[in-house]
Amino acid sequence: MTSKTITPTVKPYEGPAGGWDSAKSVAGVLFKEHVPLKGSRLLSTQNKPEGYMCVSCAWAKPAQPHPLEFCENGAKATAWETTSRRADSAFFSGHTLGELEQWADHDLEEKGRLTHPMRWDAASDKYVPVAWSDAFQEIGRELRALDPHQVDLYTSGRASLEASYIYQLFARMYGSNNMPDSSNMCHESSSVALPESIGASVGTAILSDFENTDCIFYIAQNVGTSSPRLLHDLQDAINRGVKIVTFNLLRERGLERFVNPQSPVQMLTGKETPISSEYYQVKNGGDIAALFGVCKALIEADDVLKASGQNPVAGRDATPKDPDNAAMIAFAASMASADKKHVLDHDFIKEHTTGFEEFAAAARAHQWNELEHVSGLTRAEMKKAAATYANSNAVMMVYGMGLTQHLMGVENVHMVCNLALLRGNIGKPGANICAVRGHSNVQGQRTVGITEKPGLAPLDKLSELYDFEPPRWTGRSTVETCEAIMSGQSRAFVSLGGNFLRAVPDTAAMEAGWRKLRLSVQIATKLNRSHVLHGEVAYLLPCLGRIELDQQTSGPQAVSVESSIAHFHGSRGKAKPASPELLSEPAIIAGIAKATLGQTKIPWDAWVGNYAEIRNAIERTYPETFKDFNERLFKPGGFARPLPARERKWVTKTGKANFITPGKLFPDFSTADRSDVLHLATLRSNDQFNTTIYGYSDRFRGVEGTRRIVFMNGEDIARLGFVDGEIVDMTTAIDDNSVRNVGGLRIVQYNIPKGCCAAYYPETNPLFPLAHHDPKSKTPSYKLLPVRLSRSTLTQDD
Ligand SMILES: Nc1nc2c(c(=O)[nH]1)N[C@H]1C(S)=C(S)[C@@H](COP(=O)(O)OP(=O)(O)OC[C@H]3O[C@@H](n4cnc5c(=O)[nH]c(N)nc54)[C@H](O)[C@@H]3O)O[C@H]1N2
Ligand SMILES: Nc1nc2c(c(=O)[nH]1)N[C@H]1C(S)=C(S)[C@@H](COP(=O)(O)OP(=O)(O)OC[C@H]3O[C@@H](n4cnc5c(=O)[nH]c(N)nc54)[C@H](O)[C@@H]3O)O[C@H]1N2
Ligand SMILES: [Mo]
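In what follows, the accompanying structure is described. Predicted, not measured: the structure shown is a model, and the values here were computed from it.

**A word on the site of ligand 1**
Around ligand 1 sit 29 residues in total, of which Asn-248, Glu-252, Asp-287, Gln-688 and Asn-690 are the nearest. Within the backbone of Asn-222, a nitrogen or oxygen atom sits 2.8 Å from an oxygen atom of ligand 1. Thr-225 has a polar backbone atom sitting 2.9 Å from a nitrogen atom of ligand 1. Broken down by secondary-structure element, the contributors of at least two residues to the shell around ligand 1 are α11 (223–226), β9 (243–248), α20 (401–404) and β26 (688–689).

Below, the structure is given as structure tokens:
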């Protein structure tokens, strides 16, 4: 599945994140997508009150937006949706699905917007147009014929609060809690760990924290590519003298330096803002050790101060385990001079937390050489980070996928909380946890009931409001849905957006299972591989995008989303729809629901006719969170979701914030005796949105014209007998009686720690065994997989 554009080149990128190259890239994509000027003018209303909320990432939308509140990748996402290209009926009549199976991801989506509802025709192996009402009737018949346990209803993170609310209601009235979602592959580790540690299901940071912070620990998130608007907040903070302490596997350009493409002065002078004041290149999977090192330095420095009587909270006999006692004492003294009281915030720990003694004992017990070995950092680096932390009054913890997509993803997030709790860095201005979310409404979908866990949904309330008995059994999350598809237990897959087949692990086994589904229903904007492979009865239902005018009986509609900082925003699409045949997501869901459920208490037509009625229903279901929802819909800066942890009210079993001590530093697959094994992390390029591949350019990493590469450390390349530029095959080094292989990857020598390597998602997803996930959150370990490389018989043209 390759698509060649230009001859591949790899050379270091000298520019900053942002800057002229970013402006050039925006202009290029508008041109390539044939976006009319009208479309590009749209960008000036992106993320503004009464405008539309960006369909790319979930970053906060400020109350006082910048004149142009969009970034390079937001502009690309807008262009991708408002493109004038069409995958219309004529396109489908010219291609069998067997043929389209051979196409690259990029080439499928590049055909443009879907225009007409389609049903797969077995005789011709083509998608052929169908009337909406016929589609709904047949889907309804098929669903009624199945046991709800056999049906999975997936949600990708873009659907609005309104669409998500009626989708979960439909699923539950139908009788299924099988509601896997993209969050299961993304921040699920946060969704499990944060409630245990601090009693919040989402991050607690808000925008004003960036204005009040002294220091930001920036862990495992690629801001320049994945959430570039957050660079503005970082830049403003840095200009106030805030320190950014970065932990990342790679040296990412967006974490090194930035030129704000929206600042004429910066663009003309080329003035770059250096981003990270300290940059720690940690091995993938090394964060627990790295953060334990930081905590150990803090705890032992505190011990030294107590022992030497300088600390008001004295009296315990604690001797630092560090052999370099003199250095430790000097270090502690340096901290004490900045903060005369203490290294740790003992008052906070005592009043607000449990588990400190156990955690401190574990930190003291870990040996520096062990922490160095696992993290890839030196003890001096971990201590330096600790000193910066202790010298700052308010510290934010910002993190992303490099922390969550791990076998020990939940423990990773626990460690972030542990570090924050040591100095009371939760629930005070300028501190807090900022889990940078991916899709533009992935956080909000959970807030309105998309979840496979019955305990997280207001089932009694739904039952009372709508007079039905919701299923109480635990549904399937993404990994479990994959198991059910592979085993044949799942018979129908309904998809509200997304590209499930490409996003999940174990591609080959999944594709085999997918073909055996009885029913596949895809609600989508663009063609992708999950549509081209299909069940016996298959529908492809095209919907409006968020940027488009959504006209219903009561007039043009607005929808709403929740950002990474738990604020809700209205969004009004104004662009002309890609085709007159498109229906909105709520209209499609209601159509399927009516055909499947028959008579219910839900006024589906009234809801679709006026989304304010759906918002009223959301408010009735969640009266506190969505109080006065319609009145506050377009409040500048959004309206906040109540988060008790921000007020230091801990909604945990203990009623306190909890230090939770990870049982080990690293997951249990041993590579000690396997010197040819490398640890793979999968990455996004600057030219993709998840499985949507805009193009073959990863400007910040200097890679152009190909995505089939493996980034390696120079010493590993030589040690394993390869040369830079050589083409290799990659094989999974987990012994489970399956061979998983991705061929024809070009070695790119890169600044990455020894023993680690990196390659692009989704091309390397065939390597990930489904079982290779975090047992606690079931998040696939996309950032840590043992692999081997061998000389390839393929070339990059194969
Ligand atoms: N343009 C664009 N924007 C996007 C997306 C996109 O694909 N394209 N996707 C959206 C979605 S759904 C999501 S979830 C987010 C994803 O955005 P991110 O959270 O930034 O996720 P990734 O891009 O996968 O990169 C994770 C970063 O973690 C680092 N890393 C990898 N392994 C480790 C490790 O073990 N430890 C540490 N410390 N670092 C590590 C990598 O070097 C990389 O910089 O972005 C959203 N926004
Ligand atoms: N190896 C590896 N795998 C990963 C990851 C990784 O880092 N490494 N990251 C994981 C993460 S964080 C995520 S979130 C998942 C992403 O998994 P998904 O959310 O399933 O995938 P996307 O690529 O975001 O979905 C793209 C498709 O969504 C459809 N779409 C776009 N806009 C709309 C819309 O407005 N409405 C509807 N109905 N459809 C729309 C289009 O048809 C498009 O083709 O992938 C996961 N998989
Ligand atoms: Mo994500």
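What follows picks up the thread again.
**Looking at the sheet that holds strand β28 (residues 697–698)**
Within the open sheet, the three strands sit side by side as β1-β29-β28. Their pairing is antiparallel. Since the sheet does not close on itself, it has two edges, and those belong to β1 (9–10) and β28, each with one partner. Two strands pair when backbone bridges link them, and β1 and strand β29 (residues 703–704) are joined in this way by two bridges, in the antiparallel orientation. Among the inter-strand pairings, Val-10 is bridged to a residue of β29, identified as Val-703.

**Side note on the nonpolar core**
Counting residues in each nonpolar core, the largest one holds 69 residues, and the members touching the most others are Phe-217, Phe-247, Leu-298 and Ile-433. Looking at this core element by element, the count peaks at 12 residues for helix α14 (residues 287–307). When near neighbours in sequence (up to four residues on either side) are disregarded, Phe-217 contacts Val-245, Phe-247, Ala-385, Tyr-389, Val-395, Met-396, Met-397, Val-398 and Leu-419. Among the nonpolar cores identified, the runner-up in size contains 63 residues, and Val-130, Ala-593, Leu-633 and Phe-634 belong to it.

**Some thoughts on the environment of Asp-303**
Tracing the chain through its elements places Asp-303 in helix α14. A C-alpha to C-alpha distance of 47 Å links Asp-303 and Gly-702, two positions 399 residues apart in sequence.

**Observations concerning the environment of Ile-166**
Here Ile-166 lies in helix α8 (residues 161–174). A relative accessible area of 1% places Ile-166 in the buried class. Each C-alpha atom of the pair Ile-166 and Trp-604 lies 9.0 Å from the other, and the pair is 438 residues apart in sequence. When neighbours within four sequence positions are excluded, Ile-166 is seen to be in contact with Pro-586, Ile-589, Ala-590, Trp-604, Trp-607 and Ile-614.

**Some points on the side chain of Gln-221**
Tracing the sequence through the fold places Gln-221 in the loop between β8 (215–219) and α11. Taking relative accessible area as the criterion, Gln-221 reaches 7% and is therefore assigned buried. At 2.6 Å, the side chain of Gln-221 forms a polar contact with the side chain of Tyr-218. Of the polar contacts made by the side chain of Gln-221, one reaches the side chain of Ser-227; its length is 3.0 Å. What Gln-221 contacts, discounting residues up to four positions off in sequence, is Ser-226, Ser-227, Asn-248, Leu-255, Tyr-399, Gly-400 and Val-436.

**Overview of unusual backbone geometry**
In this structure, the amide linkage connecting Tyr-761 to the following residue, Pro-762, adopts the cis form with an omega of 5 degrees. Of note, Pro-762 is situated in the loop between β33 (756–760) and β34 (785–791). One non-glycine residue with positive phi stands out, namely Asp-506, at about 55 degrees. Relative to the helices and strands, Asp-506 resides in the loop between α25 (500–503) and α26 (507–514). With relative accessibility at 9%, the residue Asp-506 sits in the buried group. A positive phi angle, near 60 degrees, is found at Arg-648, a position not held by glycine. Inspection of the secondary structure assignment puts Arg-648 in the loop between β23 (639–640) and β24 (657–658).

Parameters at a glance
- Residues numbered from 1 in each chain as written.
- Chains lettered and ligands numbered in written order.
- Predicted model: local features only at pLDDT ≥ 70, side-chain atom pairs only at ≥ 80, totals over all residues.
- Heavy atoms only, no water.
- Near = heavy atom within 4 Å.
- Polar contact = N/O pair within 3.5 Å; in protein donor to acceptor, adjacent residues only side chain to side chain.
- Helix = DSSP H or I, 4+ residues; strand = E, 2+ residues; numbered from the N terminus.
- Pairing = 2+ DSSP bridges.
- Core = buried A, V, L, I, M, F, W, Y, C linked by side-chain atoms within 4.5 Å.
- Buried < 20%, exposed > 50% of the residue type's maximum accessible area, 1.4 Å probe, protein only.
- Contact = heavy atoms within 4.5 Å.

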